[in-house]
Amino acid sequence: MRMRKKKHLHERLSHCSSLIIDDIFKYSGDIKSIFPDDLPLHLEIGCGKGKFICETAKKNKDINFIAVEKNLNVLVLAAEKIKNEGLSNVRFIAGDVNLLRDYETKTKCDIIYINFCDPWHKNSYRKRRLTHENHLKLWEKLLKQNGEIHFKTDNKKLFEFSLNSFSDYDMKLKNITFDLHNSDFSGNIMTEYEQLFSSQGEPIYRCEAIMRN
């Protein structure tokens, strides 16, 4: 379902402008220079309304976070959450993640979070999946050596596809679970989608993949 345009969207985005990167290429060569301090950097692909990034940033103030979101109607909600919490360790990139294909940086991310991305059900669309080799090449460019992808989904077929894709890309897999909320994994922070799916009794699939570049 498409979200309706938020009232006063551009005015609200303007109030959060200090948190939103309007041109990532201003920071070509050094993605970590977005922040004034040299802390580990984590990247979330598709932050939605920002529950996950906000709670994760609150619990990890010694880490900087960048969240990418192309839908301005949800990005504004995420940015307002961060502003209201007074968090200084989060920034947002407004746009499609593919804009990062032409972005080069010597400094790298430690972790990339991919939470409940579009499964692109039709097999003919599989190259659009964020865990397809086409995107793994992009994540490899952004991750430091032995950097990690943390992946969650409610879609079993996408999860199985992703496990195979990670393995074929020579990534090391760990913390694999086919039912996250009934596993012994600790420290999980839920997204809005995750709360919805789990409340309906749907299993949540999760894994971590290490980029051995």
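This structure is a prediction, so every number in the text was calculated from the model and none was measured.

### Describing the overall build of the protein
(1) Moving on: Counting its secondary structure elements, the protein contains 6 helices and 8 strands.
(2) Moving on: Mapped in sequence order, the helices and strands of the protein form the string α-β-β-α-β-α-β-β-α-β-α-β-α-β.
(3) Moving on: Taking the principal axes of its C-alpha atoms as reference, the protein extends roughly 40 × 40 × 35 Å.
(4) Moving on: Relative to its full complement of 213 residues, the protein shows a buried share of 47%.
(5) Moving on: Across the protein, contacts joining residues at least 24 apart in sequence account for 77% of those joining residues at least 6 apart.
(6) Moving on: A gap of 4 Å separates the mean positions of the 35 positive and 30 negative side-chain charges of the protein.

### Thoughts on the nonpolar core
(1) Moving on: Of all hydrophobic cores here, the largest spans 36 residues; its most connected members are Ile45, Ile112, Ile114, Trp139, Ile149 and Phe151.
(2) Moving on: Residue assignment for this core shows that the elements contributing at least two residues are β2 (41-45), β3 (64-69), β5 (109-115), α4 (133-142), β6 (143-153), α5 (156-168) and β8 (205-210).
(3) Moving on: Once you skip the residues sitting within four places of it in the chain, Ile114 turns out to touch Ile45, Leu130, Trp139, Ile149, His150, Phe151 and Lys152.
(4) Moving on: Ile63, Leu75, Val76 and Ile189 belong to the second largest nonpolar core, which has 25 residues in total.

### Overview of the side chain of Glu69
(1) Moving on: As for its position among the elements, Glu69 is in strand β3.
(2) Moving on: Within the structure, the side chain of Glu69 is placed 2.9 Å from the backbone nitrogen of Gly48, a separation counted as a polar contact.
(3) Moving on: At 3.0 Å, the side chain of Glu69 forms a polar contact with the backbone nitrogen of Asn71.
(4) Moving on: Excluding anything up to four places from it in sequence, Glu69 contacts Gly46, Cys47, Gly48, Val74, Leu75, Ile93, Ala94 and Gly95.

### Let's talk about α4
Helical geometry note: an α-helix holds 3.6 residues per turn, so side chains three or four residues apart project in the same direction.
(1) Moving on: The complete set of buried residues in α4 reads His135, Leu136, Leu138, Trp139, Lys141 and Leu142.
(2) Moving on: Summarising the contacts, the buried residues of α4 are in contact with β2, β5, β6 and α5.

### Topic: the sheet that holds strand β1 (residues 20-21)
(1) Moving on: Judged by pairing direction, the sheet is mixed, and its 8 strands sit side by side in the order β1-β4-β3-β2-β5-β6-β8-β7 without closing on themselves. A single partner strand is all that each edge strand has here, and the edge strands are β1 and β7 (172-177).
(2) Moving on: As paired elements, β2 and β3 share 5 bridges and run parallel to each other. For His42, the partnering residue across the bridge sits in β3 and is Phe65.
(3) Moving on: Running over the sheet, helix α3 (residues 72-85) touches β1, β3 and β4 (90-94) and is turned about 170° from β4.

### What about the pattern of salt bridges?
(1) Moving on: Within the structure shown, the criterion is met by 14 salt bridges.
(2) Moving on: Residues Glu133 and Lys137 are paired through a salt bridge, measuring 4.0 Å at the closest nitrogen-oxygen approach. Of this pair, Glu133 and Lys137 both sit in helix α4, separated by 4 residues, roughly a single helical turn.
(3) Moving on: Looking at Lys137, the relative accessible area reads 47%, which means it is partly exposed.
(4) Moving on: Among the salt bridges present, the one from Glu194 reaches Lys152, with a minimum N-O distance of 2.6 Å. With Glu194 in helix α6 (residues 192-199) and Lys152 in strand β6, the pair connects residues that are 42 residues apart, well separated along the chain.

Reading the values: the criteria
- Residues numbered from 1 in each chain as written.
- Predicted model: local features only at pLDDT ≥ 70, side-chain atom pairs only at ≥ 80, totals over all residues.
- Heavy atoms only, no water.
- Helix = DSSP H or I, 4+ residues; strand = E, 2+ residues; numbered from the N terminus.
- Buried < 20%, exposed > 50% of the residue type's maximum accessible area, 1.4 Å probe, protein only.
- Contact = heavy atoms within 4.5 Å.
- Lys, Arg positive; Asp, Glu negative; His and termini not counted.
- Charge placed at Lys NZ, Arg CZ, Asp CG, Glu CD.
- Core = buried A, V, L, I, M, F, W, Y, C linked by side-chain atoms within 4.5 Å.
- Polar contact = N/O pair within 3.5 Å; in protein donor to acceptor, adjacent residues only side chain to side chain.
- Pairing = 2+ DSSP bridges.
- Axes fitted to C-alpha atoms, helices over the stretch in contact; angles between N-to-C directions.
- Salt bridge = Lys/Arg side-chain N within 4 Å of Asp/Glu carboxyl O.

These figures capture arrangement, not role.
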